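A structural walkthrough
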Amino acid sequence: MLKIDQIWKNILLEAEAKTTTLAYDLYINSLSPVGIYRDRLILLAETRAIKNIVDNNYKEVLKKCTNTVFPSIADVEIIIEEELENLGSVQREVDIPVSPNYVNDTEDKVSFVSQYTFENFVVGKSNEYAHAVARAVADNPGTKYNPVFIWGGVGLGKTHLMHAIGNSLQRNFPEKRIMYVTCDQFVNEFIESIHSNEPNATKNFRAKYRKLDVLMMDDVQFLANKEGTQEEMFHTFNELYLADKQIILSSDRPPKEIKIEERLKTRFATGVIADIQPPNLETRIAILQKKCSNKGYSLNIKVLTLIAEKITNNIREMEGMLNRIISYSTLVGGDPNDMNLVQDALKDYADASSDIITIDQVVKATCEYFRVKREDLIGKKKNKEIVVPRQICIYLICDILGQSVPLASIGEYFGGRDHTTVMHARDKISEEIKTSDVTAAQVKDIRDKIYNR
Ligand code: ADP
Ligand code: MG
């Protein structure tokens, strides 16, 4: 039986050799395998734009690459997230013939993203502590800092840091058994092991995780509402911890805010907790420079500053914008440092993301609804006529924009308030909606206003 990830890895190897670096980096490598449906390989694109580009330009070559390694897979289909629901049941594990091109990567061997190294990680004030802890653990696993808990908003480098630890450990301690899993992977594997017909499935699952020297689990906030897996994690944690094995966890929020059982929360918080905040402008520019030099792009500081000023709290998005400028300039055959071209490339970008709601829009709608001035809403005034709209506005921002905006940035937007103030406002309104019809109606009205722009 071959797992879908293993199949996809093999196709990527072929595609890397058969396509340009640009096509590979920007499009093909960004797809993720969903499964096999009949004789078709289903791949998920992050956006509709990527799906269209792949469909129009790279589908044939992808088909060829697939076919070269897996002769029985006849076709490739690219879908986007909203099409996932309509999909019949796909197989994530299949028994199919392979050609001699097939590379058998043993399943237990973890491979870390080779680009995600310490060398490629730009250190600034916002991440220096997390970086220092990660370095220390990579040099000295298991003894000093355990567990390590890294938290921060989406796209701020948590996964990068974990892979950097992995890459370094693999080089310096080749004998150690290191495992990196996403929390989702762990949950799925655990559930599969319970439902499996194999008599030893659960036992094997346990053994696999409890014999490790280093366990890294990414995005542990997804343990919320999964009681069975939490229990399993609790025992795995204890066993490794008591044996001085290194545990490294990441999450989009601190341990105390994850909705998991108390005893696991306490365990997660017993070691070092390091947060990563959104980087300042200078660091953002430095990160873009690093990405450019890694990818061989030559963009001048003016263009990089423009990107860094537009996107303030998500490095992945910043990279997306960078890639867009490069791919647009290749497409139209222009100079990526030409400001007119950059504006054109980003006009597209704004169109593509026009359904994404911004803090500004929420603030504007709230001000209009309550007839208050923007500078008062985000300012320091403490009278009731301002405080209530302000709290409702903060609640709506948290609710609509979710994890994409860290609480600290919301606080910053509202005149440099602390992230705990933001949390307090959010939680207060979230409670009030349940008890007060007036508040509930106000929130609903503003929300409608925002969506019916
Ligand atoms: P997270 O896991 O926190 O959502 P990632 O680790 O996936 O974020 O990072 C998103 C992107 O930003 C990756 O391409 C990563 O290489 C890049 N990145 C984040 N922080 C840094 C940094 N300090 N230096 C260089 N690249 C970074
Ligand atoms: Mg991540």
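In this report, the structure presented in the accompanying data block is examined.

Cut-offs applied
Residues numbered from 1 in each chain as written. Chains lettered and ligands numbered in written order. Predicted model: local features only at pLDDT ≥ 70, side-chain atom pairs only at ≥ 80, totals over all residues. Heavy atoms only, no water. Disulfide = S-S within 2.5 Å. Buried < 20%, exposed > 50% of the residue type's maximum accessible area, 1.4 Å probe, protein only. Helix = DSSP H or I, 4+ residues; strand = E, 2+ residues; numbered from the N terminus. Expected span 1.5 Å × (residues − 1). Contact = heavy atoms within 4.5 Å. Salt bridge = Lys/Arg side-chain N within 4 Å of Asp/Glu carboxyl O.

Counted under the stated rule, the structure contains 0 disulfides. Among the cysteines around Cys367, which has no disulfide bond, Cys393 carries the closest sulfur, lying 6.8 Å off. The class for Cys367 is buried, based on a relative accessible area of 9%. The thiol sulfur of Cys398 is not disulfide-bonded, and the nearest other cysteine sulfur, from Cys393, lies at 9.6 Å.

What follows concerns helix H10 (residues 281–295). In this model H10 runs 21 Å from its N-terminal to its C-terminal C-alpha over 15 residues, within 8% of the 21 Å that 1.5 Å per residue would give. Three or more residues of H10 are buried, namely Thr283, Arg284, Ile285, Ile287, Leu288, Lys291 and Cys292. Contacts made by the buried residues of H10 are with helix H11 (301–310) and helix H12 (315–332). A positive backbone phi angle near 75° is found at Gly296, which sits one or two residues after H10.

Okay, the pattern of salt bridges next. One pass over the full model with this rule turns up 28 salt bridges. For the salt bridge of Arg40 with Glu77, the shortest nitrogen-to-oxygen distance reads 2.3 Å. In this pair, Arg40 is assigned in strand S3 (residues 40–45) and Glu77 in strand S4 (residues 75–80), connecting sequence segments 37 residues apart. Overall, Arg40 belongs to the partly exposed group, its relative accessible area being 24%. Exposure remark for Glu77: the relative accessible area of 23% places this residue in the partly exposed category. With a shortest N-O distance of 3.7 Å, Glu262 and Lys265 are connected by a salt bridge. Of this pair, Glu262 and Lys265 both sit in helix H9 (residues 262–268), 3 residues apart, which is roughly one turn of that helix. Looking at Lys265, the relative accessible area reads 15%, which means it is buried. Bridged by salt links that share partners, the residues Arg206, Arg210, Glu232 and Glu239 form one connected network.

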